[in-house]
Amino acid sequence: MRSEELLIQIRRAWIQAACERLASETDVRASFEPALERFYDLLIEAVRSDAPEKLNPIIDEWVEARPRSDPEAMQTSITPLFDQFLLLTYEVSLKLLSDREALELLASLIPIHTYTYSYAAKKETQAQIEQISSELESARLVLEQLDQSKSKFISIAAHELKTPLTLIQGYASMLRERISTDEFGRVESLLNGIDLGARRLAAIVDDMIDVSLIDNNLLALTFQPIWLNRLFDLVKHEFESAMKERQIEFEVHDFPGFREMIFADGERLYQAFRNLISNAFKYTPDRGRIWVDGRLLPGFIEVTITDTGIGINPEDQMRIFDKFGQVGNVSLHSSGKTKFKGGGPGLGLPITKGIIEAHGGAIWVESEGHDEERCPGTTFHVLLPIRAEPPDEKFARLFKGEETTSLKGEYKD
Ligand code: ADP
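### Things to note about the overall build of the protein chain
At step 1: Counting its secondary structure elements, the protein chain contains 13 helices and seven strands.
At step 2: Looking at the 413 residues of the protein chain, the share that counts as buried comes to 40%.
At step 3: Restricting the contact set of the protein chain to residue pairs at least 6 apart, pairs at least 24 apart contribute 73%.

### What about the sheet that holds strand 5 (residues 300–307)?
At step 1: Pairing within the open sheet is mixed, and its five strands lie in the order 2-4-5-7-6. The outermost strands of the open sheet, each flanked by one partner alone, are strand 2 (249–252) and strand 6 (362–366). Between one strand axis and the next, the sheet turns through 15° on average, direction left out of account.

### A closer look at unusual backbone geometry
At step 1: Look at Asn217: it is not a glycine, yet its phi comes out positive at around 50°.
At step 2: The partly exposed category is assigned to Asn217, whose relative accessible area is 34%.
At step 3: Although it is not a glycine, Arg287 sits at a positive phi angle of roughly 70°.
At step 4: Along the chain, the position of Arg287 falls in the loop between helix 11 (266–282) and strand 4 (289–297).

### Things to note about the pairing of strand 7 (residues 378–385)
At step 1: Counting buried positions over the eight residues of strand 7 gives eight, a clear majority of the element.
At step 2: Residues Thr378, Phe380, Val382 and Leu384 of strand 7 are buried on one face, and the alternating residues Thr379, His381, Leu383 and Pro385, pointing to the opposite face, are buried as well.
At step 3: Where strand 5 meets strand 7, eight bridges bridge the pair, whose relative direction is antiparallel. Along strand 7, the bridge assignment pairs Ile301 with Leu384.
At step 4: Judged from the five bridges that link them, strand 6 and strand 7 form a sheet pairing that is antiparallel. Note on strand 7: the bridge partner recorded for Ile363 is Val382.

### Section: the packing of helix 8 (residues 181–215) against helix 12 (residues 348–358)
At step 1: Between helix 8 and helix 12, whose axes approach to 9 Å, the crossing angle comes to 45°. In this view, helix 8 runs oblique relative to helix 12, as classed from their interaxial angle. At the point where helix 8 passes helix 12, the crossing takes the left-handed sense. Only Pro350, Ile351, Gly354 and Ile355 of helix 12 make contact with helix 8, whose side of the interface consists of Asp207, Asp210, Val211 and Ile214.
At step 2: Partitioned by chemical class, the residues of the contact of helix 8 with helix 12 number five nonpolar, one polar and two charged.

### Regarding the pattern of salt bridges
At step 1: Taken as a whole and assessed by the stated rule, the structure comprises 25 salt bridges.
At step 2: Here Asp147 and Lys323 are joined by a salt bridge, their closest N and O atoms 3.4 Å apart. With a gap of 176 residues between them, Asp147 in helix 7 (residues 99–178) and Lys323 in the loop between strand 5 and helix 12 connect regions that are remote in the sequence.
At step 3: In this structure Lys323 comes out as buried when scored by relative accessible area, which is 12%.
At step 4: Note that Glu368 is salt-bridged to Arg374, the shortest N-O span being 3.4 Å. Across the pair, Arg374 and Glu368 agree in class, each one exposed.
At step 5: Here the residues in one salt-bridge network are Arg2, Glu4, Glu45 and Arg48, joined through shared partners.

### Concerning a nonpolar patch on the surface
At step 1: Together, Val142, Leu143 and Leu146 make up an exposed nonpolar region whose accessible area comes to about 300 Å².
At step 2: Structurally, Val142 can be placed in helix 7.

### Topic: the nonpolar core
At step 1: Counting residues in each nonpolar core, the largest one holds 56 residues, and the members touching the most others are Leu269, Phe273, Ile277, Phe281, Val303 and Phe380.
At step 2: Looking at this core, the element that brings in the most residues is helix 11, giving eight residues.
At step 3: When sequence neighbours within four positions are dropped, the list of residues in contact with Phe281 reads Phe239, Ala242, Met243, Arg246, Ile248, Phe250, Ile290 and Thr338.
At step 4: By size, the runner-up hydrophobic cluster in this structure holds 35 residues, among which are Cys19, Val47, Trp62 and Val63.

### Points about the packing of aromatic side chains
At step 1: Inspection of every chain in the model, using the stated rule, returns 16 aromatic pairs.
At step 2: Ring centres of Phe239 and Phe250 lie 6.5 Å apart, and the angle between their planes is 85°; this geometry places the pair in the edge-to-face category. Here Phe239 is found in the loop between helix 9 (228–238) and helix 10 (240–246), whereas its partner Phe250 is found in strand 2, with 11 residues between them in sequence. Grouping residues by exposure puts Phe239 and Phe250 together as buried.
At step 3: Grouping aromatic residues by their ring pairs yields a cluster made of Trp14, Phe39, Tyr40, Trp62, Phe82 and Phe85.
At step 4: The aromatic ring of Trp227 is capped on one face by Arg230, whose charged end is 4.1 Å from the ring centroid.

### Observations regarding the side chain of Ser3
At step 1: Here Ser3 is to be found in helix 1 (residues 3–9).
At step 2: Note on Ser3: relative accessible area 15%, which makes it buried.
At step 3: Setting aside anything within four residues of it in sequence, one finds Ser3 in contact with Val47, Glu104, Leu105 and Ser108.

Scoring rules and cut-offs
- Residues numbered from 1 in each chain as written.
- Predicted model: local features only at pLDDT ≥ 70, side-chain atom pairs only at ≥ 80, totals over all residues.
- Heavy atoms only, no water.
- Helix = DSSP H or I, 4+ residues; strand = E, 2+ residues; numbered from the N terminus.
- Buried < 20%, exposed > 50% of the residue type's maximum accessible area, 1.4 Å probe, protein only.
- Contact = heavy atoms within 4.5 Å.
- Pairing = 2+ DSSP bridges.
- Axes fitted to C-alpha atoms, helices over the stretch in contact; angles between N-to-C directions.
- Parallel < 35°, antiparallel > 145°, perpendicular 65-115°, else oblique.
- Left-handed = near helix turned anticlockwise from the far one by under 90°.
- Nonpolar A, V, L, I, M, F, W, Y, C, P; charged D, E, K, R; others polar.
- Salt bridge = Lys/Arg side-chain N within 4 Å of Asp/Glu carboxyl O.
- Patch = residues over 30% accessible without salt bridge, like charges linked within 9 Å, V, L, I, M, F, W, Y side chains within 5 Å.
- Areas by Shrake-Rupley, 256 points an atom, 1.4 Å probe, with all protein chains shown as cover.
- Core = buried A, V, L, I, M, F, W, Y, C linked by side-chain atoms within 4.5 Å.
- Phe/Tyr/Trp six-rings, centres within 6.5 Å; stacked < 30°, edge-to-face > 60°.
- Lys NZ or Arg CZ within 6 Å of the ring centre and 35° of its normal.

Here it is as structure tokens:
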């Protein structure tokens, strides 16, 4: 007898046995039965036409039936069901068919079983991948929205702080002018305190504005001829008192390309390098060393800023370029731009990265790790393209995104 006829012969008993084994409660059994009947009929069809793919539709349905919102259900596989079906066929056919017929039937079912098994496994893996991708996509969207609201918050907060800050600075300077000479001695230190506080706050607000410009691709660059050696003369001058106070050696080496004229935004580059040097001071203990060096590469100048400071752990080396990406305990920060561990709000490096990237350059960090005893040091690398002329508008817009059409004509030749 042919295999499909044998299957037809044991159909009733098989379905009954499958219902009993797989669904213990009567009402569940009732709803299970039609599904089993459909499976069995498709199985007969598959055997008759020697086409195991006839079973695909029901396997697809069963795989899809697992609720996607339930991660546990998504983990459970339907493949053990097929093992049960094969075992049942064996048991039922042993009872109802001769040994030879039972063996023949089983032999013809094994290739189908292998097929259904691997097809279901493939479908389940696909469904899981789809599920994970969709979860990742939703997480990405949430993060994107968070980042947008963070950026919006920074921009609003910065602009809202700017007005009262200007008032404080204005009234402090009026007070300074109106106070008589005799009184001035008594209140001078108080007025200086207000000035210092207001200046620090103004610097933070400016950083917040810069970060929000960078986030929204609105950083306007004014390309002019600049020389890195002159720029670093100014940086060195700015840090002279910190060098003395902290007894830190700060050297700027002359390297090929250092004296070359390039087109760049001098003010913004100064801001970027000042941030890096200020960090080198902040994270290097007294009596340490900081040095600037570099090299000429085809089309680029690479500047390196190395310190003998506390270093940065490899796992933090990407994070520090994110806004508010400070590492370490914020409450332990001292204040100031050059004091040891004088942490700021964590905006310096994102601004520096934004400025360098807006120039078409790149920035990265190298450090063995963080160790306040051993001080393994840190090197920041800055790669700047050598431009013999200011970039044309199309090129500049490429670096700054679509919104920058308003920057038209802002480049000074
Ligand atoms: P902050 O305002 O905290 O200095 P930055 O964005 O300038 O913010 O730097 C982010 C973090 O990167 C710092 O909090 C510090 O942990 C780490 N960092 C930056 N430069 C150095 C350096 N030269 N050595 C060690 N750590 C550094």
